Amino acid sequence: MDQVERLDQVKRLDQDDLPPGCDAQIRRAFNIALRHTGIYVAYHDRSLTKVWTRNILAPLVPKKKGGGLPPAQLERIEAAQRHVLETAESGRIEVSMPHEDGVRWFDIWLDADLDDDGTVQGIVSTWIEVTEQKRREQTLKTLLREVSHRSKNLLAIIQGIASQTGRYSSDIGDFLTRFRGRLQSLSSSQDLVTSSNWRGARLRELIEGQMERYGADPSRSLRFEGVDPFLNPNAALHIGLAVHELVVNSMSYGALSQSDAVVDVTAGLADLDANPPALWLRWNERFPSCSGPEQKRFGSVALERVVPAALDGMATFEISDDRVEYHLVVPAGNFAAD
């Protein structure tokens, strides 16, 4: 359907079943509809002189010639209008303008006003504000970039876990058992991060979740004292991995393998010549005849090297005849303290 046929159809629809003397009603209804939809309509004659407007939008109120639109945008609009005058073809452009609330965006539809002979009499400009749509699109793009960034980080963590687990596994069965456990630990921490809209996870919630995965009851087996900071996503994933190794170690031959033993976890803030202060975390368990593995395995490598390196922190892991202690310090930027 060409422009003339489309306008003829609109004209016929406008004229169908209209009782005499209803022009004023149509104008009022038209103005009400424009207000409700937030649409601004303007009419220019062939010389591009503005003849009338309806429902001018607040940002476009002309405080000076040209309103608040920058000169470059006005030139684009005028060029598009002249094209419509010359070709009678509808056009659409997008313009932006600075505003006290930030940049405002508008879609402008330009249509030729044709008489019965198809001669262009003027131009109807329909302005629709699309600022919120633009903001949603920008937010979506930001989220997609963030998801891509986090996915790459997560894949890098998984690659590191696979590599280190393989290095310290005796055979494929041993590798699969340990690798699956670490992936499940990572998944558990990721669930906490996701449920918080990617903000992170509470330290205590992270520890309790890792203990519960292996059937331990934190209300009975965990004594938590000190601060409970909100870890950012990267810190939550890596500290969750450290806690996983500590829990597996404890369930195998430590406090969590005993019916009446308790793991002590203490967290606090330390200056360390930094402002804001760093976070320190201490995992401590004591009971008779504690015996750990003599050979360094990925568990201790993750605790002493992988996790602190990923968080720009430092750590110590000690196993003796009657004690297991892990001490981790991470700088500000990995967490938010209340």
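This text goes with the structure placed above it.
Conventions adopted
Residues numbered from 1 in each chain as written. Predicted model: local features only at pLDDT ≥ 70, side-chain atom pairs only at ≥ 80, totals over all residues. Heavy atoms only, no water. Helix = DSSP H or I, 4+ residues; strand = E, 2+ residues; numbered from the N terminus. Buried < 20%, exposed > 50% of the residue type's maximum accessible area, 1.4 Å probe, protein only. Contact = heavy atoms within 4.5 Å. Areas by Shrake-Rupley, 256 points an atom, 1.4 Å probe, with all protein chains shown as cover. Pairing = 2+ DSSP bridges. Axes fitted to C-alpha atoms, helices over the stretch in contact; angles between N-to-C directions. Parallel < 35°, antiparallel > 145°, perpendicular 65-115°, else oblique. Left-handed = near helix turned anticlockwise from the far one by under 90°. Nonpolar A, V, L, I, M, F, W, Y, C, P; charged D, E, K, R; others polar.

Chemist: I'd like to hear about the overall build of the protein, residue by residue, with values.
Modeler: Along the backbone of the protein there are 9 helices and 13 strands. Taking all 338 residues of the protein together, the buried fraction comes to 38%. For the protein, the proportion of contacts with a sequence separation of at least 24, taken over those separated by at least 6, is 59%. Accessible surface computed for the protein: about 19300 Å², of which carbon and sulfur atoms make up 51%.

Chemist: Got a sec to walk through the environment of leucine 114? Specific residues and values, please.
Modeler: Its place among the elements puts leucine 114 in strand E4 (residues 104–114). With 26 residues separating them in the primary sequence, leucine 114 and alanine 88 have C-alpha atoms 8.1 Å apart.

Chemist: Can you lay out the sheet that holds strand E2 (residues 50–54) for me, pointing to particular residues and giving the numbers?
Modeler: Taken together, the 5 strands give an open sheet; going across it, the order is E2-E1-E5-E4-E3, and neighbouring strands pair in antiparallel fashion. For this open sheet the edge positions go to E2 and strand E3 (91–97), each flanked by a neighbour on one side alone. Strand-to-strand twist across the sheet, computed as the mean angle between neighbouring axes with direction ignored, equals 20°. Of the strand pairs in this sheet, strand E1 (residues 39–45) and E2 are connected by 4 bridges, and their pairing is antiparallel. When the bridges of E2 are listed, tyrosine 43 appears paired with tryptophan 52. In the packing of helix H2 (residues 23–37) onto the sheet, the strands contacted are E1 and E2, and the crossing angle to E1 comes to about 125°.

Chemist: Mind laying out the pairing of E1, listing which residues take part and the relevant values?
Modeler: Within E1, 6 of the 7 residues are buried, leaving the element largely enclosed by the surrounding structure. In terms of strand pairing, E1 meets strand E5 (residues 120–129) through 7 bridges, oriented antiparallel. Along E5, the bridge assignment pairs alanine 42 with serine 125. The turn linking E1 back onto E2 is made up of 4 residues, and leucine 48 within it adopts a positive phi angle of 65°.

Chemist: Let's hear about the packing of helix H5 (residues 172–195) against helix H6 (residues 203–212): which residues, and what values?
Modeler: At a minimum axis separation of 10 Å, H5 and H6 run at an interaxial angle of 140°. Accordingly, the angle class assigned to the pair H5 and H6 is oblique. Crossing of H5 over H6 shows right-handed handedness. Only Glu205, Leu206 and Gln210 of H6 make contact with H5, whose side of the interface consists of Ser185, Ser188, Ser189 and Leu192. Counted by class, the contact of H5 with H6 contains 2 nonpolar, 4 polar and 1 charged residues.

Chemist: Got a sec to walk through the pairing of E3? Specific residues and values, please.
Modeler: Sheet topology places E3 next to E4; 7 bridges connect them, and they run antiparallel. Bridged to serine 96 within E4 is tryptophan 105. Between E3 and E4, which pair antiparallel in sequence order, lie 6 residues; one of them, glycine 102, sits at a positive phi of approximately 110°.

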